[in-house]
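# Descriptive analysis of the structure
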Amino acid sequence: MKRSLVDHFEFVAEIPSGIEEIEEVDEKTARDSFELTGNAVHVSGLNPGCKVQLYSINGQAVLSAVANEAGSATIHIGALSPGIYLVNYNEITIKFIKQ
C-alpha cells in the first residue's frame, strides 16, 4: 500500500470582483424607485443629471441613461439578449433577468 504525504488540502480561489464593500440599502427605497417593464428599465426619485448604468452579468457596461429634470431615467432594453443584468444608480445595484 502506497502512503500519501498529503493528509488534507483545499482549493482557495480569490477572484477579484471590483466590489470592495457592499452597503446596506433600504430595500423599500430601492423598490419604489425602480420599475422593470417589458422593454424598459425606469428609475425615478433621482437627482437631475444622475447617471443610471446597465451592466451585463460579467460586468461590461451595456447601456446608460441620465436622469432628466424630473429626476427620472429610462433605459430601453428591448434589443438586449436574454440574460442577467445589473442596474446601478445612487450606490444601489439591482439584478434582473431579461427573458
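Scroll up to find the structure.
Residues numbered from 1 in each chain as written. Predicted model: local features only at pLDDT ≥ 70, side-chain atom pairs only at ≥ 80, totals over all residues. Heavy atoms only, no water.

So, about the sheet that holds strand E3 (residues 51-56). Pairing is antiparallel in the open sheet, where four strands are placed in the order E4-E3-E6-E7. Each end of this open sheet is capped by a strand with a single partner; those strands are strand E4 (61-66) and strand E7 (92-98). Neighbour-to-neighbour, the strand axes of this sheet turn through a mean angle of 20 degrees, independent of strand direction. As paired elements, E3 and E4 share five bridges and run antiparallel to each other. (Pairing = 2+ DSSP bridges. Helix = DSSP H or I, 4+ residues; strand = E, 2+ residues; numbered from the N terminus. Axes fitted to C-alpha atoms, helices over the stretch in contact; angles between N-to-C directions.)

Below, the discussion takes up the side chain of Lys98. By the secondary structure assignment, Lys98 is in strand E7. Buried charge Lys98 goes without a salt bridge, the closest partner of opposite sign being Glu35 at 16 Å. From its side chain, Lys98 meets the backbone oxygen of Leu80 in a polar contact 3.0 Å long. Not counting residues within four places of it along the chain, the set of residues in contact with Lys98 comprises Ile77, Gly78, Leu80, Ser81, Pro82, Gly83 and Tyr85. (Buried < 20%, exposed > 50% of the residue type's maximum accessible area, 1.4 Å probe, protein only. Lys, Arg positive; Asp, Glu negative; His and termini not counted. Salt bridge = Lys/Arg side-chain N within 4 Å of Asp/Glu carboxyl O. Polar contact = N/O pair within 3.5 Å; in protein donor to acceptor, adjacent residues only side chain to side chain. Contact = heavy atoms within 4.5 Å.)

We now examine the sheet that holds strand E1 (residues 34-36). Taken in spatial order, the three strands of this open sheet run E1-E2-E5, and their pairing is antiparallel. Strands with a single pairing partner mark the edges of an open sheet, and in this sheet they are E1 and strand E5 (73-76). Each neighbouring strand pair of the sheet contributes to a mean axis angle of 15 degrees, computed without reference to strand direction. In this sheet, E5 lies alongside strand E2 (residues 40-43) in antiparallel orientation, the contact comprising four bridges. When the sheet's bridge partners are listed, Ala40 is paired in E5 with His76.

As far as function goes, none of this settles anything; it's purely spatial.
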